[in-house]
Amino acid sequence: MKKALSIALAAALAGGTMVAQAYEKGDFVLRLGAVNVSPESDSSNINLPGVPTLHAEVKDDTQFGIIPMYMVTDSVGIELLAATPFEHDITLNGKGVNLDAASTKHLPPTITAQWYPRGGKEGWQPFLGVGVNYTIFFDEQTTNQLDSTLNSLLGATEVDLDLDNSFGLSAQAGVDIPFAKNWALSLEVWYIDIQTNATVSTDVGDVNFKTQIDPFVYHVGIAHRF
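What counts, and at which threshold
Residues numbered from 1 in each chain as written. Predicted model: local features only at pLDDT ≥ 70, side-chain atom pairs only at ≥ 80, totals over all residues. Heavy atoms only, no water. Core = buried A, V, L, I, M, F, W, Y, C linked by side-chain atoms within 4.5 Å. Buried < 20%, exposed > 50% of the residue type's maximum accessible area, 1.4 Å probe, protein only. Contact = heavy atoms within 4.5 Å. Phe/Tyr/Trp six-rings, centres within 6.5 Å; stacked < 30°, edge-to-face > 60°. Helix = DSSP H or I, 4+ residues; strand = E, 2+ residues; numbered from the N terminus. Pairing = 2+ DSSP bridges. Polar contact = N/O pair within 3.5 Å; in protein donor to acceptor, adjacent residues only side chain to side chain.

Looking at the nonpolar core
Ranked by internal contacts, the top residues of the largest apolar core, which has 31 residues, are I46, I90, L92, L161, F209 and V217. Each residue touching I90, except ones within four places of it in the same chain, is listed here: A56, E57, V58, L99, D100, A101, A102, S103, T104, L161 and L163.

In structure tokens:
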């Protein structure tokens with residue numbers, strides 16, 4: 001996704017013709033495209049009998065983004081990051097251990113206040129933003145590999161995973177590059193503070209750990225100004 005952002009930006013700039021497009025107070029902009037959540041994940045120590053200390057890693061996923069934005073003034077906009085549900089695989093890693101452990105789905109709605117330094121002016125529209133995120137985890141599933149491992153180590157016959165929802169801050173940068181009247185190539189990146197308390201519940205006891213997901217989120221798509 002990082003490479004796609006660079007290629008798309010280079011292609012738009014190389015295209016040469018940027019059609020006049022000024023963002024002004026009262027405009028509504030809808031951005032649509034691919035959104036990739038790329039976690040910079042780590043976790044607290046996970047200790048199981050007879051196994052080296054483990055840490056959880058969350059894999060990335062790409063979904064369809066629906067991102068509306070409203071211009072409050074010529075220079076200030078309010079944007080909502082929304083997307084179809086993301087699904088992430090979770091692995092447990094340690095010395096000599098790489099275990100496919102679980103998966104989870106989540107929705108990460110993020111509200112961002114944006115500053116447009118070229119608001120009210122024609123041409124490309126760069127922006128910076130800060131916001132808040134609330135990540136909702138659901139449909140957590142453990143794998144047969146984790147279930148059998150916990151059965152061998154602990155004698156567990158029932159295994160369940162629960163992830164707490166997360167509230168955190170976000171930072172953003174992006175640009176809309178016009179290519180037709182009211183249409184633009186849209187490139188955005190967020191850094192979002194996402195942390196969750198994970199509980200692996202079994203019939204012989206629980207395993208608790210904290211996971212820092214802290215993803216970079218990338219969007220490549222189009223924007224239409226209404």
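Observations concerning the packing of aromatic side chains
A complete count under the given rule lists five aromatic pairs for this structure. Where Y23 meets Y116, the ring centres are 5.8 Å apart and the plane angle is 70 degrees; that geometry is what we call edge-to-face. Of this pair, Y23 sits in the loop between α1 (2–15) and β1 (28–38) while Y116 sits in the loop between β8 (110–115) and β9 (125–142); the two residues are 93 residues apart in sequence, bridging distant segments of the chain. Looking at Y116, the relative accessible area reads 0%, which means it is buried.

Topic: the pairing of strand β7 (residues 97–107)
As paired elements, strand β6 (residues 86–94) and β7 share nine bridges and run antiparallel to each other. Opposite N93, over in β7, you have N98 as the bridge partner. Examined bridge by bridge, β7 and β9 share five bridges and lie antiparallel to one another. Among the inter-strand pairings, K105 is bridged to a residue of β9, identified as F138.

Quick notes on the sheet that holds strand β10 (residues 159–163)
Ordered in space as β2-β14-β13-β10, the four strands form an open sheet in which the pairing is antiparallel. Every other strand in the sheet has two partners, leaving β2 (42–43) and β10 as the edge strands with one partner each. With two bridges joining them, β2 and strand β14 (residues 205–212) adopt antiparallel strand pairing. Counterpart to D42 in the pairing with β14 is Q212.

Focus: the side chain of S166
With respect to the secondary-structure elements, S166 resides in strand β11 (residues 166–180). Accessibility expressed as a relative area gives 3% for S166, which makes it buried. A distance of 3.1 Å separates the side chain of S166 from the backbone oxygen of Q195, its partner in a polar contact. The contact partners of S166, leaving out residues within four places of it in the chain, are N133, Y134, T135, F137, D193, I194 and Q195.

A few points about the environment of G77
Tracing the backbone shows G77 in strand β5 (residues 76–83). Residue class for G77 comes out buried when judged on its relative accessible area of 0%. Taking the C-alpha atoms as reference, G77 lies 38 Å from Q141; in sequence the two are 64 residues apart.

Comments concerning the pairing of β9
Two elements, β8 and β9, share six bridges in a ladder whose sense is antiparallel. Within β9, the position partnered with Q114 by the bridge is G129. In terms of strand pairing, β9 meets β11 through 11 bridges, oriented antiparallel. Among the inter-strand pairings, L128 is bridged to a residue of β11, identified as A173.

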